[in-house]
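# Notes for the structure review
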Amino acid sequence: MNKDIKIVFMGTPEFAVTTLKTILDQDYNVVGVITAPDKPAGRGRKIHESAVKVFAKQNGLNILQPTNLKSDDFLNELKALEANLQIIVAFRMLPKVVWDMPKYGTFNLHASLLPNYRGAAPINWAIINGETKTGVSTFFIDEKIDTGEMILQKDIAIDPSENAGSLHDKLMMLGSDLIIDTIKLIEKGDVTTTPQSEDAISRTAYKLNRDNCKIDFTQPIEAIYNKIRGLSPYPAAWCELHNNDDVLDIKIYKAEKEFEDHNIEVGTIISNKSTLKVAVKEGFITILELKLPGKRNMEVKSLLNGYNFDEDAKLR
């Protein structure tokens, strides 16, 4: 075991689990894991443990789940762990009293090429905005969000048909490797940091909500296609289906684009027994996988076996 480095790891979702596993596999000493408190989730409101907590329990790690990161009780528990390095992967903003505690500092893994896509949803927005490249960055925490001095970066191409789920998994693996590279630099005392450029043209990775996940079918075909794949499989792009007297919120998970000149009103649905298309300005979006309210995700062919579209049906 690498005894000189004593790590406190902070994270919550599945994205962080792979990194924590990699740190353990590299025989580093993880003296504590900080993750979100348990909370009720789903229709049954059953108590849900974070993915990081589940993994940490399986590996016998010391777990803390503070509700208040400034409370004396938590700070005393954190100090008692005697960590000299803290690593953050998809956690929450830390107060200075926490990130300034360890000897070697606190560094964060972010799923973008900073300073581009600071914020809550960098993977989604990189695809939504049609980027052809993204990556992962490590940086030392400071007072602001995602602004600290850079340590390392690795980039990766975004496939034209990539969705947020597949890119998430690629960045998860890439990020795990970058974390280990960063720890090794800190171990050797070879860290050279670079301030993030404030002159660079950068985009923000805004928190996803109902409004910014809605599809606007008056947008260019590329923008519509990118929004669908950039929000799949979660939280999913949505729109309203107007069919006969029904107005239903539907989610679209997979689609293709088809460039073609036409005079059909934007949003008009064209369907037969096997295909479902919606007219847009520069052609058609062919829907391949969707979800109706109260139903499971399904391929369009399954939907068309039992659902009829009126000739005036539209998506809005």
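Counting restarts for each chain, with residues numbered from 1 along the sequence as it is written. Under the rules for a predicted model, residues below a pLDDT of 70 receive no local features and side-chain atom pairs below 80 are neither given nor counted, while totals for whole chains, interfaces and linings still include all residues. Excluding hydrogens and water, the side-chain figures rest on all heavy atoms present in the structure.

Another aspect to go through is the overall build of the chain. Labels follow the DSSP assignment, with helices taken as runs of H or I lasting at least four residues and strands as runs of E lasting at least two, numbered in each case from the N terminus. When helices and strands are tallied, the chain shows 8 helices and 18 strands. Here, two residues are considered to be in contact whenever any of their heavy atoms come within 4.5 Å of each other. Long-range pairs, those at least 24 residues apart, make up 65% of the contacts in the chain between residues at least 6 apart in sequence. Each charge class in the chain can be summarised by its mean position, and for the 39 positive and 44 negative side chains these summaries are 4 Å apart. Only four residue types enter the charge count, namely Lys and Arg as positive and Asp and Glu as negative; His and the chain termini do not. The location of each charge is read from NZ of Lys, CZ of Arg, CG of Asp or CD of Glu.

The next point concerns empty space enclosed by the protein. The distinction between a cavity and a pocket rests on a 1 Å grid over the protein atoms alone: a 1.4 Å probe fits inside a cavity but cannot get out, while a pocket stays open yet meets protein on both sides within 12 Å along at least five of seven lines, and a residue with an atom within 4 Å of a point counts as lining. Grid points are joined across faces, edges and corners, and a volume is the space filled by probe spheres set on the points. Enumeration over the complete set of coordinates arrives at 1 cavity of 30 Å³ or more. Just so you know the grouping, Ala, Val, Leu, Ile, Met, Phe, Trp, Tyr, Cys and Pro go in nonpolar, Asp, Glu, Lys and Arg go in charged, and all remaining residues, Gly too, go in polar. Counted by class, the lining of the largest cavity contains 10 nonpolar, no polar and no charged residues.

Note on ring pairs: Phe, Tyr and Trp rings are taken, using the six-membered ring of Trp, and paired if centres are within 6.5 Å. Classes follow the plane angle, with under 30 degrees stacked, over 60 edge-to-face and the rest tilted. Counted by the stated rule, this structure contains 2 aromatic pairs. Judged by centre distance (6.2 Å) and plane angle (85 degrees), the ring pair of W125 and Y206 falls under edge-to-face. Here W125 is found in helix α5 (residues 122–128), whereas its partner Y206 is found in the loop between β11 (204–205) and α7 (221–230), with 81 residues between them in sequence. Only protein chains enter the area calculation, which uses a 1.4 Å probe; residues under 20% of their type maximum are buried, those over 50% are exposed, and those in between are partly exposed. On the basis of relative accessibility, which here comes to 11%, the residue W125 falls in the buried class. Residue classification places Y206 among the exposed positions, given a relative accessible area of 52%. For the ring pair Y307 and F309, a centre distance of 5.0 Å and an interplane angle of 65 degrees mean the geometry is edge-to-face. Taken as a pair, Y307 and F309 share a single burial class, namely buried. Sitting over the ring of W238, R210 keeps its end group 3.8 Å from the ring centre. Over a ring means this: the NZ of a Lys or the CZ of an Arg is within 6 Å of the ring centre and within 35 degrees of the ring normal.

This paragraph deals with the pattern of salt bridges. Pairing is possible between side chains that carry opposite charge, provided their charged atoms lie close to one another. Throughout this description, the term salt bridge denotes a Lys or Arg side-chain nitrogen within 4 Å of a carboxyl oxygen of Asp or Glu. On inspection of all chains with the given rule, the structure shows 12 salt bridges. Its salt-bridge partner being K21, residue D25 comes within 2.8 Å of it at the nearest N-O pair. Residue D25 and its partner K21 are both found in helix α1 (residues 14–25); the two are separated by 4 residues, about one turn of the helix. Overall, the relative accessible area of 41% leaves K21 in the partly exposed class. Of the charged contacts, one joins R203 and E131 as a salt bridge, the two residues approaching to 3.4 Å between their closest N and O atoms.

The buried fraction of strand β2 (residues 28–34) is high, at 7 of 7 residues. In short, DSSP must find at least two bridges between two strands for them to pair. Pairing between β2 and strand β5 (residues 63–64): 2 bridges, direction parallel. Looking at β5, one finds that I34 is bridged to L64.

Now for the side chain of N212. With respect to the element layout, N212 can be found in the loop between β11 and α7. Using a relative accessible area of 16% as the deciding quantity, one classes N212 as buried. Beyond its immediate stretch of four places on either side in the chain, N212 contacts W125, K207 and K227.

The first and last C-alpha atoms of helix α6 (residues 164–188) sit 35 Å apart over 25 residues, in line with the 36 Å expected at 1.5 Å per residue. Backbone nitrogen of G165 and a side-chain oxygen of the N-cap are separated by 3.0 Å at the start of α6; the cap is N163. One or two steps after α6, the chain reaches G189, where phi turns positive at roughly 75 degrees. Expected helix span is computed as 1.5 Å times (number of residues minus one). Under this definition, polar contacts are N or O atom pairs within 3.5 Å; protein pairs additionally need one hydrogen-donor-capable and one acceptor-capable atom, and for neighbouring residues in sequence, both atoms have to be side-chain atoms.

Time to look at the environment of I7. Checked against the element boundaries, I7 lands in strand β1 (residues 2–11). In this structure the C-alpha to C-alpha distance between I7 and N29, which are 22 residues apart in sequence, comes to 6.1 Å. Setting aside residues up to four positions removed in sequence, I7 forms contacts with I23, Y28, N29, V30, V31, G32, A83, L85, I87 and I183.

Glancing now at the environment of N243. Within the fold, N243 resides in strand β12 (residues 237–243). With 68 residues separating them along the chain, N243 and E311 place their C-alpha atoms 8.6 Å apart. Non-local contacts of N243, meaning those with residues more than four positions away in its chain, are made with Y307, N308, F309, D310 and A313. Within polar-contact distance, the side chain of N243 engages the side chain of Y307 at 3.2 Å. Engagement of the side chain of N243 in a polar contact is seen with the backbone oxygen of N308, the distance being 3.0 Å.

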